[in-house]
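Structural overview
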Amino acid sequence: FAIGEIIPELVTIYLVSLGLLSGSKRAGIIGLVLGLFQDFYFGFAIGFFGLLYFLTGIFSGFFHKNFDRTRLMLPISCTGLSCLVTGLISCLFYQIIPGAGTFVQCLRCRIIPSIVYTLIVSVPVYVLLFLLLPPFRQLLLKLKRRRVS
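Just so we're clear, the structure is a prediction, and the values are computed from it rather than from any experiment.

So, how was this worked out
Residues numbered from 1 in each chain as written. Predicted model: local features only at pLDDT ≥ 70, side-chain atom pairs only at ≥ 80, totals over all residues. Heavy atoms only, no water. Axes fitted to C-alpha atoms, helices over the stretch in contact; angles between N-to-C directions. Helix = DSSP H or I, 4+ residues; strand = E, 2+ residues; numbered from the N terminus. Left-handed = near helix turned anticlockwise from the far one by under 90°. Contact = heavy atoms within 4.5 Å. Nonpolar A, V, L, I, M, F, W, Y, C, P; charged D, E, K, R; others polar. Expected span 1.5 Å × (residues − 1). Patch = residues over 30% accessible without salt bridge, like charges linked within 9 Å, V, L, I, M, F, W, Y side chains within 5 Å. Areas by Shrake-Rupley, 256 points an atom, 1.4 Å probe, with all protein chains shown as cover. Salt bridge = Lys/Arg side-chain N within 4 Å of Asp/Glu carboxyl O. Buried < 20%, exposed > 50% of the residue type's maximum accessible area, 1.4 Å probe, protein only.

This part is about the packing of helix 1 (residues 10–22) against helix 3 (residues 48–61). At their nearest, the axes of helix 1 and helix 3 sit 7 Å apart, and the two run at 35° to each other. In this structure, helix 1 meets helix 3 at a crossing whose hand is right-handed. Judged by residue contacts, V11, T12, L15, V16, G19 and L20 of helix 1 engage Y53, T56, G57, S60 and G61 from helix 3. Of the residues contributing to the contact of helix 1 with helix 3, the split by class is five nonpolar, six polar and no charged.

Time to look at helix 3. Spanning 14 residues, helix 3 covers 20 Å between terminal C-alpha atoms, matching the ideal 20 Å at 1.5 Å per step. As for helix 3, its buried residues are in contact with helix 1, helix 2 (24–42) and helix 4 (73–96).

The next subject is a nonpolar patch on the surface. Among the surface-exposed residues, L81, L84, V85, L88, F103 and V104 lie close enough to one another that they form a single nonpolar patch of about 480 Å² accessible area. Of all the secondary structure elements, the ones that give two or more residues to the nonpolar patch are helix 4 and helix 5 (103–148). You can see V104 is positioned in helix 5. Residue V104 is classed as exposed on the basis of its relative accessible area, which comes to 57%.

What follows is the structure in structure tokens.
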């Protein structure tokens, strides 16, 4: 679902969710694997997105212990910051250093629209994951216990 060649960073949304729910270790490993898949499929440098997504998972997992699922500001902030850092680093290595564009052009045409689009998509995802999924999971556990007894 691209809008003007801009797509939301669904991997970042997933990694921030996983980091906040499961911790740094699991999110970092999953980020490394997903990044390596992306590198093998799309990239020119093997390990580039693997390292970026590994660091995204580690960063978001730092907030695992203090995370309050009823407040969406932390996951949205982590997503925005992760998109900004990932966008800046990938623009630097894929466009600015090779001479394919300027920093301002990259920021205006790629990074900011990508952050906005990713944050718009992430809000309903986080509402579903953090607010609606735990009560649904508890309901399923209660139903399962009733069947057993």
